[in-house]
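Chain residues, written in single-letter form:
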Amino acid sequence: MVRPVVELDREGIDRLIAQLGDSGFTVIAPTLSDGTISHGPISSSQDLPVGWTEVQDAGTYRLTRREDDALFGYAVGPHSWKRFLHPPEVVVWQGDGGMTPLDLAPPPRYAFFGVRPCEMAAISIQDKVFLDSGFSDDVYRSRRTDAFIVEVECYEPGGTCFCASMGTGPGAVEGADLVVSEILDDEHRFVVRAGSDAGEEVLAALGAAEAETDVIAAAEQVVADAAARMGRTLDTDGLRAALTAQAQSERWDEIAARCLTCANCTMACPTCFCAGIDDSLSLDGAVATRTRRWDSCFGLEFSYIHGGSLRTSAASRYRQWITHKLSTWWDQFGSSGCVGCGRCITWCPVGIDITAEATAMLAEARSEEAS
Amino acid sequence: MATATELSIPQLLDPMPCVVRAVNRETHDTITLEVEPAEPYHFEPGQITMVYKHGVGEIPISISSDPDRHDRISQTVRGVGAVSKAIIASHPGDVLGIRGPFGVGWPIDQAEGGDVAIIGGGIGLAPLRSIVYRVLNRRDRFGAVVILVGARTPKDIVFAEELREWGSRFDIDVNVTVDTADRGWHGPVGVVTNMIPRAPWDSSKVTAFVCGPEVMMRFTARALREDDVPMDKVYVTMERNMQCGVGLCGHCQWGSHFVCREGPVFRYDTVAELFRIRGV
Ligand SMILES: Cc1cc2nc3c(=O)[nH]c(=O)nc-3n(C[C@H](O)[C@H](O)[C@H](O)COP(=O)(O)OP(=O)(O)OC[C@H]3O[C@@H](n4cnc5c(N)ncnc54)[C@H](O)[C@@H]3O)c2cc1C
Ligand code: SF4
Ligand code: SF4
Ligand code: FES
């Protein structure tokens with residue numbers, strides 16, 4: 001099916017944002033907050049981090065000014081969209097002693113404006129976890145089903161990005177309602193493609209001019225250039241098998257000597273889905289509440305069973321995390337659990353780099369195989 | 001917007017109210033609760049439920065009752081911590097929340113036409129009790145049925161009365177051993193694996209169902225191998241931290257397995273490798 005492709009200027013982007021707001025969506029986009037690019041509600045392009053970018057490296061993140069008024073001239077910040085679809089803390093059940101459930105507040109209808117390709121890929125991965133593996137999670141489904149997604153292609157990959165190695169960027173990946181490409185030559189323009197029926201309807205209502213082929217070609221060139229400027233790469237050939245084969249490697253202890261088991265990486269990761277349930281009771285004992293909170297395989301309690309934790313060493317916990325991301329995720333969900341967004345590298349206080357650790361394990365496996 | 005798949009599968013995150021109808025004391029720290037579910041209940045031996053005590057918490061517990069009975073289910077609980085102790089303090093008439101049944105049970109059909117070995121350590125006997133009921137309901141389909149039980153002391157033997165009852169039948173062989181005997185004990189002393197070489201089954205025709213602490217299962221598998229029982233005829237059940245039962249919370253992962261979904265029962269030869277890795 002050929003979907004419409006239109007050209008917009010910045011004023012057109014503003015009309016698009018306004019139109020989504022008018023249709024009842026809470027429009028969430030990248031915004032500046034606490035010295036990072038995070039996410040917040042917006043009502044016009046003015047609320048975006050206009051003219052900002054960032055420097056990212058292992059354990060490093062710094063905002064800097066750009067020399068232009070780009071709307072999307074940066075990569076990803078510390079938070080991912082999972083905060084909205086799989087909230088860090090959410091009441092999943094509330095009831096009385098007879099187990100009669102009380103009604104919970106309905107979630108907002110979100111439009112996510114400025115979802116990067118790696119983030120779109122991460123959302124599709126979490127769709128599989130929460131909706132497609134036999135059971136469907138109410139919390140996630142109620143937020144996801146009506147969400148409108150505006151994906152934005154990347155032209156300024158960050159220092160820790162490696163989506164090109166993971167096949168999840170910098171060009172758009174499937175799943176969004178609209179895909180925006182920003183072009184920053186003499187004229188500041190945007191190419192907007194519809195990716196779904198809902199996206200088509202929005203474009204039709206916007207009444208924008210169809211994009212010319214040379215403009216579309218320019219947008220494609222921007223993405224191709226970006227792929228060549230990735231901060232990092234990861235050779236995934238044989239990686240899946242290598243990580244499980246190296247389960248008893250001594251290298252895990254070496255990584256564990258650096259890892260603080262702080263769980264920053266799992267909190268920042270857009271695909272990590274683990275959560276725990278906490279139970280509480282109202283003061284009069286009548287109403288019980290079950291609250292779901294993000295949890296992390298880096299915590300000692302995560303694997304607790306009566307008698308003690310099963311993953312007592314930091315080595316076993318780091319191994320669990322990286323093996324899940326890059327190996328066992330394939331067995332469970334048919335894809336990698338890593339989309340190459342680089343967050344776990346940037347936000348690791350000691351700068352542990354998943355691409356470096358995976359590469360070292362792969363090299364170790366290859367040399368053991370060769371000998 | 002249309003990408004999220006709409007599923008018709010029912011939500012299994014709401015606890016179903018179940019009224020406690022009977023509380024039977026098994027040992028000093030273990031009771032069997034008989035509960036009446038709000039709706040007829042269907043499960044396979046070896047499956048678990050998440051049992052919720054109002055405001056206190058929720059824990060994974062095996063179903064220990066007759067799988068061919070649908071109006072009542074029994075769960076045998078050992079009080080070891082906050083939630084399990086609150087659950088064993090239940091009285092008839094109390095309401096507990098139950099979610100499930102979850103997971104994959106024992107493949108009892110695979111044992112049809114051959115012998116059945118049921119080997120349990122401690123509270124591990126709970127999920128095995130359902131097998132005994134199922135096998136007795138269809139006794140003519142199986143050859144020899146042998147139950148081997150290990151307990152720490154005679155006081156820790158669960159289902160003692162039923163074990164005696166089954167032991168008095170001619171069509172089941174029941175053997176109980178304890179690690180440490182007391183004055184009244186006349187049975188064997190030692191670990192459960194000691195009884196395997198002399199067990200009256202045909203090693204080439206037996207299917208073994210094993211539940212107990214991880215080390216016990218590992219040593220039992222080894223003893224069965226030495227007894228020439230093929231490892232693809234040995235089933236074990238794994239214990240992991242569980243918070244959801246449906247593959248969403250991530251806690252129960254064991255290698256690539258979600259124990260709540262692909263387990264808790266596993267065929268031994270498919271997981272033998274994982275048993276060898278510490279902290280996996
Ligand atoms: C598949 C399976 C079947 C089980 N069947 C039975 C049974 O039939 N009878 C029985 O008495 N016990 C059974 N258990 C063990 C039982 O779930 C634990 O004893 C119980 O969770 C302890 O919780 P607690 O709050 O009382 O203890 P605490 O030690 O206070 O535990 C705190 C929390 O840790 C977690 N936790 C602790 N121990 C375990 C554990 N062993 N497994 C999973 N999570 C744990 C729970 O979230 C628990 O709420 C089973 C466990 C599993 C995984
Ligand atoms: S593992 Fe790291 S790089 Fe991969 S998706 Fe998660 S945070 Fe991003
Ligand atoms: S890898 Fe880094 S971010 Fe992750 S737990 Fe270890 S120290 Fe924390
Ligand atoms: S118990 Fe939550 S994923 Fe298995």
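Owing to the predicted nature of the structure, the values given are computational and were not obtained by experimental measurement. (Residues numbered from 1 in each chain as written. Chains lettered and ligands numbered in written order. Predicted model: local features only at pLDDT ≥ 70, side-chain atom pairs only at ≥ 80, totals over all residues. Heavy atoms only, no water.)

Draft legend 1. View of unusual backbone geometry. Across the junction of A:Gly169 and A:Pro170, the peptide omega takes the value 0°, indicating a cis bond. Within the fold, A:Pro170 resides in the loop between helix H5 (163-166) and strand S9 (178-184). The omega angle of the peptide bond from B:Gly263 to B:Pro264 is 0°, so this bond is cis rather than trans. Mapped onto the elements, B:Pro264 comes out in the loop between helix H5 (259-262) and strand S14 (265-267). Not every positive phi belongs to a glycine, and B:Phe159 is a case in point at roughly 55°. Position of B:Phe159 among the secondary structure elements: in the loop between strand S8 (145-151) and helix H3 (160-167). (Helix = DSSP H or I, 4+ residues; strand = E, 2+ residues; numbered from the N terminus.)

Draft legend 2. Main features of the nonpolar core. Counting 110 residues, the largest nonpolar core has A:Phe112, A:Trp321, A:Leu326, B:Ile119, B:Trp201 and B:Leu224 as the members making the most contacts within it. Looking at this core element by element, the count peaks at 9 residues for helix H3 (residues 117-131) of chain A. Beyond its immediate sequence surroundings of up to four residues, A:Phe112 is in contact with A:Ile28, A:Trp81, A:Phe84, A:Leu85, A:Ala147, A:Phe148, A:Ile149 and A:Val150. A:Leu8, A:Leu71, A:Val180 and A:Leu203 belong to the second-largest nonpolar core, a separate cluster that totals 33 residues. (Core = buried A, V, L, I, M, F, W, Y, C linked by side-chain atoms within 4.5 Å. Buried < 20%, exposed > 50% of the residue type's maximum accessible area, 1.4 Å probe, protein only. Contact = heavy atoms within 4.5 Å.)

Draft legend 3. Geometry of the pairing of strand S8 (residues 148-152) of chain A. Residues and elements named next belong to chain A. Taken across its 5 residues, S8 has 5 buried, putting it largely inside the fold. Neither face of S8 is open: one carries Phe 148, Val 150 and Val 152, the other Ile 149 and Glu 151, and all of them are buried. Where strand S7 (residues 110-115) and S8 come together, 4 bridges link them in parallel fashion. The residue of S8 that forms the bridge with Phe 112 is Ile 149. Inspection of the sheet shows S8 paired to S9 by 3 bridges, in the parallel sense. Residue pairing across strands places Val 150 opposite Leu 178, the latter belonging to S9. (Pairing = 2+ DSSP bridges.)

Draft legend 4. Local environment of the layout of surface pockets. All names here are of chain A. For the second largest pocket, the calculated volume is near 370 Å³. Among the elements of the structure, strand S6 (89-95) and helix H4 (138-144) are those that each provide at least two residues to the lining of the second largest pocket. Per-element accounting of the lining of the second largest pocket gives the leading share, 5 residues, to S6. The residue inventory of the lining of the second largest pocket, partitioned by class, reads 12 nonpolar, 3 polar and 5 charged. (1 Å grid on protein atoms, 1.4 Å probe; cavity = no way out; pocket = protein on both sides within 12 Å on 5 of 7 lines; lining within 4 Å. Points joined across faces, edges and corners; volume = space filled by probe spheres on them. Nonpolar A, V, L, I, M, F, W, Y, C, P; charged D, E, K, R; others polar.)

Draft legend 5. Quick look at the interface of chain B and chain A. Each partner contributes to the interface: chain B provides 44 residues, whereas chain A provides 60 residues. Interface of chain B and chain A: buried area, both sides summed, is about 4400 Å²; carbon and sulfur atoms make up 55% of it. On the surface where chain B and chain A come into contact, there are 1 salt bridge. Measuring nitrogen to oxygen at the nearest pair gives 3.1 Å for the salt bridge that ties B:Glu58 to A:Arg290. It is strand S6 (residues 95-102) of chain B that contributes the most residues to the side of chain B that touches chain A, 4 residues altogether. (Buried area = accessible area lost by both parts, 1.4 Å probe. Salt bridge = Lys/Arg side-chain N within 4 Å of Asp/Glu carboxyl O.)

Draft legend 6. The site of ligand 3, seen in detail. Surveying the vicinity of ligand 3 reveals the residues A:Cys259, A:Leu260, A:Thr261, A:Cys262, A:Ala263, A:Asn264, A:Cys265, A:Phe298, A:Tyr318, A:Cys348, A:Pro349 and A:Val350. Grouping the constituent residues of the shell around ligand 3 by class yields 10 nonpolar, 2 polar and no charged. (Near = heavy atom within 4 Å.)

Draft legend 7. Local environment of the state of the cysteines. Applying the stated criterion across every chain, the model contains 0 disulfides over all chains. Its sulfur unpaired, A:Cys118 is 5.4 Å from the next cysteine sulfur, which belongs to A:Cys341. A:Cys118 sits in the buried class, given a relative accessible area of 8%. Sulfur of B:Cys211: no disulfide; nearest cysteine sulfur belongs to B:Cys252 and is 16 Å away. (Disulfide = S-S within 2.5 Å.)

Draft legend 8. Region of interest: helix H9 (residues 251-258) of chain A. All names here are of chain A. For H9, the set of buried residues is Trp 252, Ile 255 and Ala 256. Seen end-on, H9 carries its buried residues on one side only, within an arc spanning 105°. Tucked inside the fold, the buried residues of H9 contact helix H8 (239-245), helix H11 (314-333) and helix H13 (354-370). (Arc of directions from axis to C-beta.)

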